[in-house]
Amino acid sequence: MMQEFYVVLAVTLLAVVSPGADFAMVSRNSYVYGRMAGVSTAVGIAVAIWLHVAYAVLGVGLLLQNTPMLMQVVQTVGALYLAYIAWQTWRQPPLLPDSDTDNSHSKSTWAAFKNGLVSNALNPKTTLFVLSVYSQVVRANSALWQLLVYGGLMSLAHLLWFAWVAVALSQARVRRCLLSKQRVVNRVIASVLLLLAGVLLCA
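Cut-offs applied
Residues numbered from 1 in each chain as written. Predicted model: local features only at pLDDT ≥ 70, side-chain atom pairs only at ≥ 80, totals over all residues. Heavy atoms only, no water. UniProt positions renumbered as here; feature names shortened; annotations may be inferred. Axes fitted to C-alpha atoms, helices over the stretch in contact; angles between N-to-C directions. Helix = DSSP H or I, 4+ residues; strand = E, 2+ residues; numbered from the N terminus. Left-handed = near helix turned anticlockwise from the far one by under 90°. Contact = heavy atoms within 4.5 Å. Nonpolar A, V, L, I, M, F, W, Y, C, P; charged D, E, K, R; others polar. pLDDT = per-residue confidence, 0-100. 1 Å grid on protein atoms, 1.4 Å probe; cavity = no way out; pocket = protein on both sides within 12 Å on 5 of 7 lines; lining within 4 Å. Points joined across faces, edges and corners; volume = space filled by probe spheres on them. Core = buried A, V, L, I, M, F, W, Y, C linked by side-chain atoms within 4.5 Å. Buried < 20%, exposed > 50% of the residue type's maximum accessible area, 1.4 Å probe, protein only.

- The name given to the chain in an unreviewed UniProt entry is LysE family translocator, with the source organism recorded as Vitreoscilla massiliensis.
- Here the chain is described in UniProt, under the heading Subcellular location (unreviewed entry), as follows: "Cell membrane".

Remarks on the packing of helix H1 (residues 2-17) against helix H8 (residues 144-169)
Stage number 1. Between H1 and H8, the least distance of the axes is 10 Å, while the angle of their chain directions is 35°. In this structure, H1 crosses over H8, and the sense of that crossing is right-handed. Note on element contacts: H8 touches H1 through Tyr150, Leu153, Met154, Ala157, His158, Trp161 and Phe162, opposite Glu4, Phe5, Val8, Leu9, Thr12, Val16 and Val17.
Stage number 2. Classifying every residue of the contact of H1 with H8 gives 11 nonpolar, 2 polar and 1 charged.

Let's talk about the confidence of the model for the chain
Stage number 1. Looking at the chain as a whole, its pLDDT mean stands at 81, while 88% of the residues score no less than 70.
Stage number 2. Low confidence marks residues 98-104, where pLDDT is under 50. Its contacts with residues over four positions away, or in another chain, come to 2 contacts.

Concerning empty space enclosed by the protein
Stage number 1. If you walk through the whole model with that rule in mind, you get 1 cavity of 30 Å³ or more.
Stage number 2. Empty space within the largest cavity amounts to approximately 110 Å³.
Stage number 3. What lines the largest cavity is a set of 13 residues, and nearest its centre among them are Ala15, Asp22, Lys125, Thr126 and His158.
Stage number 4. Of all the elements in the fold, those that place two or more residues in the lining of the largest cavity are H1, helix H2 (21-33), helix H7 (124-137) and H8.
Stage number 5. Broken down by class, the residue content of the lining of the largest cavity amounts to 6 nonpolar, 5 polar and 2 charged.

Points about the layout of surface pockets
Stage number 1. Here the second largest pocket is characterised by a volume of approximately 160 Å³.
Stage number 2. Every element with two or more residues in the lining of the second largest pocket is listed here: helix H5 (68-90), H7 and helix H10 (182-202).
Stage number 3. The element contributing the most residues to the lining of the second largest pocket is H10, with 3 residues.
Stage number 4. In the lining of the second largest pocket, the residues fall into 8 nonpolar, 4 polar and 1 charged.

Description of the UniProt feature "transmembrane region" (unreviewed entry) in the chain
Stage number 1. Annotation from UniProt places "transmembrane region" (unreviewed entry) at residues 36-58, 70-87, 147-172 and 184-201.
Stage number 2. Structurally, residues 36-58 is divided into 100% helix and 0% strand, and its ends, taken at the C-alpha atoms, are 33 Å apart.
Stage number 3. The span residues 184-201 is 100% helix and 0% strand, and its two end C-alpha atoms sit 25 Å from each other.

Points about the nonpolar core
Stage number 1. Counting 20 residues, the largest nonpolar core has Tyr31, Leu82, Ile85, Ile189 and Leu193 as the members making the most contacts within it.
Stage number 2. Counting only elements with at least two residues in this core, the list comes to H2, H5 and H10.
Stage number 3. Those residues in contact with Ile189, other than ones at most four positions away along the chain, are Ala24, Arg28, Tyr31 and Thr89.
Stage number 4. If you look at the next biggest cluster of nonpolar residues, it comprises 16 residues, including Ala56, Phe129, Val133 and Val138.

This is the structure in structure tokens:
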């Protein structure tokens, strides 16, 4: 049990800190809209992990693994969503470094939460990660409570990591620096999201 737990923990930590669409989404919302938006995005990502865990535990994951066309649909929808966010980020109007409280540039907690939720829910990387953990690492005879503990571990790891990223990038000094170069930063983030979308479409 403990050996299995440590393996899941190690694999989860490596998967969480690897750069990807979730990191780009949290970074974008944190520096553009502030700490609350960034943390809300992180919460959305953590909640979405439970969606992956749910279908893995219920056995729907076997359908995804054995039906390439269904997996392709998930990849395509995820890629289109990333491309849409990339387009929004590219055309983001400049926000003055001292306009932290400018309501015209605010983003609701719910909207930021949905960004994180949808980004992760449609992320094939997370889908494959969760499926691989439950099919390759976890034993077939593991109790349901153990499967839920591992799901909680993965969700918590995502929440803590991305909340930290949100707090770090929304620090006043860091945010002012990023906002002063926001056109470049926005286009770098947009390019990364568009590249990820392209990779998903061509996979």
